[in-house]
Amino acid sequence: MASEKRKYGRRVIRYPAQIDAGADAPLRECTLFDVSEDGAQIRIGQSEGLPDEFTLVLSHDGSAR
């Protein structure tokens, strides 16, 4: 069994979200899969064309980012 080497533990969640890539790009659906104090993992159908930096939208009205 491999030992956990992460600095912070991850909390597994399954939460629908969207990716805002800016520059008039359409929002892209994704799932927030797990989170920790220093990061998050998302799952997206097509990562092609996804920029290195983007905003993760966590609410339907865009108020939580």
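Structure: above.
Rules used throughout
- Residues numbered from 1 in each chain as written.
- Predicted model: local features only at pLDDT ≥ 70, side-chain atom pairs only at ≥ 80, totals over all residues.
- Heavy atoms only, no water.
- Pairing = 2+ DSSP bridges.
- Helix = DSSP H or I, 4+ residues; strand = E, 2+ residues; numbered from the N terminus.
- Salt bridge = Lys/Arg side-chain N within 4 Å of Asp/Glu carboxyl O.
- Buried < 20%, exposed > 50% of the residue type's maximum accessible area, 1.4 Å probe, protein only.

Overview of the pairing of strand S1 (residues 11-20)
Within a regular strand, the side chains alternate between the two sheet faces. Both S1 and strand S2 (residues 28-36) contribute to a ladder of 7 bridges, which runs antiparallel. Counterpart to proline 16 in the pairing with S2 is threonine 31. By the bridge criterion, 3 bridges tie S1 to strand S4 (residues 55-57) in an arrangement that is antiparallel. The residue bridging aspartate 20 from the neighbouring strand is threonine 55, located in S4.

Thoughts on the pattern of salt bridges
A full pass over the atoms with the stated rule returns 2 salt bridges. The residue aspartate 34 makes a salt bridge to arginine 10 at a minimum N-O spacing of 2.7 Å. Taken together, the residues span a long stretch of sequence, with aspartate 34 in strand S2 and arginine 10 in the segment before S1 at a distance of 24 residues. Note on aspartate 34: relative accessible area 8%, which makes it buried. Put simply, aspartate 20 and arginine 65 hold a salt bridge, and the shortest N to O gap is 3.0 Å. Here aspartate 20 is found in strand S1, whereas its partner arginine 65 is found in the segment after S4, with 45 residues between them in sequence. According to the relative accessible area criterion, arginine 65 is exposed, its value standing at 54%.

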